[in-house]
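Okay, here's what each chain looks like letter by letter:
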Amino acid sequence: MGILSDDSVREALRAVPFPGFSRDIVSLGVVRQISIDGSSVSVELVVQNREDVVLRALEDRVKAVVSALSEVGAVNVKFVGPAP
């Protein structure tokens, strides 16, 4: 079993492309914050596109790749707008 860390979660998130783009959400700067509390992981994403289909696709994919890490028990995804 590996150690759950921001880096391991961020590396897993590199497998999540932003819908409509070929680049992943980490390289696009969409991942604002990763918080780990025991086996619970929260991921905060900065998105301008507020279409439900885009948000749902992102949330489903983020939850799938982070949940695949053996140390993760729960995943929470929060969407925020860009800073003014």
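In what follows, the structure referred to is the one given above.
Residues numbered from 1 in each chain as written. Predicted model: local features only at pLDDT ≥ 70, side-chain atom pairs only at ≥ 80, totals over all residues. Heavy atoms only, no water.

Draft legend 1. Quick peek at the pattern of salt bridges. What the rule picks out here adds up to three salt bridges. Here R14 ties to E11 by a salt bridge, and the two come within 3.5 Å at their closest N and O atoms. The salt bridge partner of K63 is E59, with a shortest N-O separation of 3.2 Å. With K63 and E59 both in helix α2 (residues 52-67), this residue pair falls four residues apart, about one helical turn. Its relative accessible area of 24% is what places E59 among the partly exposed residues. (Salt bridge = Lys/Arg side-chain N within 4 Å of Asp/Glu carboxyl O. Helix = DSSP H or I, 4+ residues; strand = E, 2+ residues; numbered from the N terminus. Buried < 20%, exposed > 50% of the residue type's maximum accessible area, 1.4 Å probe, protein only.)

Draft legend 2. Region of interest: α2. Taking 1.5 Å of rise per residue, 16 residues should cover 22 Å, and α2 covers 22 Å from first to last C-alpha, within 8% of that figure. Among the residues making up α2, those that are buried are V54, L55, L58, V62, V65 and V66. Each buried residue of α2 lies within a common arc of 115° when the element is viewed along its axis, so the set occupies one face. Facing away from the buried surface of α2 by more than 90 degrees, the exposed residues are D52 and V53. Where α2 is buried, its residues touch α1 (6-13), β2 (40-46) and β3 (74-80). (Expected span 1.5 Å × (residues − 1). Arc of directions from axis to C-beta. Contact = heavy atoms within 4.5 Å.)

Draft legend 3. Here's a closer look at the packing of aromatic side chains. Considering all chains together, one arrives at one aromatic pair under this definition. Seen from their ring centres, F18 and F21 are 5.6 Å apart, and the 75° between their planes marks the pair as edge-to-face. (Phe/Tyr/Trp six-rings, centres within 6.5 Å; stacked < 30°, edge-to-face > 60°.)

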